[in-house]
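# Inside the fold
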Amino acid sequence: MTRLGLLESKDLPAVHKLWKEAGLPFHPKGRDKLELMQAEINDGRTFYIGAFEGDRLVGVTVGTDEGRKGWINRLAILPGYRRKGLASDLMAWCEEEFARRGRGLVCALVEDWNGASLALMRKHGYALRKDIFYLRKSLRGEDW
Ligand SMILES: CC(C)(COP(=O)(O)OP(=O)(O)OC[C@H]1O[C@@H](n2cnc3c(N)ncnc32)[C@H](O)[C@@H]1OP(=O)(O)O)[C@@H](O)C(=O)NCCC(=O)NCCS
């Protein structure tokens, strides 16, 4: 039986482990440093939600309330737990939380090769905007 719950600082090392095992690209020495993740939680605009099988973290996502929109980031499920609806449940949690905070729009960035993630998002009603480019500038080097 899988349960969902808000993650706390003690869970954060397990989040790094899960992202590695799930093959999700992330930046453990950059913006995904444990201390920065902790600071995000303290700040209150970002929430980490986990899916647990017993005590084991098997899925995670990060919801970020930027004020105008909600963002779903870093969604990942361990390989042995996929296609059971866990990512869908984590997304639904984020959507409810953003709605509770008064946000009217929820977004995600997905790389074009990631067919699983694109299928997941589209199944849940996320429109694919092909007329927008993602532009970014790192102020802390490429690995940030
Ligand atoms: C993408 C990912 C999070 C999906 O997690 P999941 O728990 O398996 O997703 P769900 O079980 O909620 O899937 C819901 C629906 O999404 C679609 N979907 C999910 N994985 C899919 C896949 N591999 N191929 C095609 N469609 C897929 C299906 O429509 C699925 O419904 P169905 O199982 O009834 O057919 C998971 O594959 C993962 O962790 N991938 C690696 C990390 C990653 O790429 N994260 C996304 C970063 S943007």
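Everything here concerns the structure above.
Below, the structure is looked at part by part. (Residues numbered from 1 in each chain as written. Predicted model: local features only at pLDDT ≥ 70, side-chain atom pairs only at ≥ 80, totals over all residues. Heavy atoms only, no water.)

With that settled, the discussion passes to the site of the ligand. Taken together, 19 residues are adjacent to the ligand, and Leu75, Ile77, Arg83, Ser88 and Asn114 come closest. The contact in question runs from an oxygen atom of the ligand to an N or O atom on the backbone of lysine 84, over 3.3 Å. Note that an oxygen atom of the ligand is positioned 3.1 Å from one of the side-chain N or O atoms of lysine 123. Out of a free accessible area of 920 Å², the ligand has 75% covered by protein chains. Mapped by element, the contributors of at least two residues to the shell around the ligand are strand 4 (70-77), helix 3 (86-100) and helix 4 (115-123). Ranked by residues supplied to the shell around the ligand, first place goes to helix 4 with 5 residues. Counted by class, the shell around the ligand contains 11 nonpolar, 4 polar and 4 charged residues. (Near = heavy atom within 4 Å. Polar contact = N/O pair within 3.5 Å; in protein donor to acceptor, adjacent residues only side chain to side chain. Areas by Shrake-Rupley, 256 points an atom, 1.4 Å probe, with all protein chains shown as cover. Helix = DSSP H or I, 4+ residues; strand = E, 2+ residues; numbered from the N terminus. Nonpolar A, V, L, I, M, F, W, Y, C, P; charged D, E, K, R; others polar.)

Take the sheet that holds strand 4 next. Within the open sheet, the 5 strands sit side by side as 1-2-3-4-5. Their pairing is mixed. Strands at the two margins of the open sheet, each flanked by one partner only, are strand 1 (2-6) and strand 5 (106-107). Looking at chain direction, strand 2 (residues 46-53) and strand 3 (residues 56-65) are connected through 8 bridges and run antiparallel. Of the residues in strand 3, the one forming a bridge with phenylalanine 47 is glycine 63. (Pairing = 2+ DSSP bridges.)

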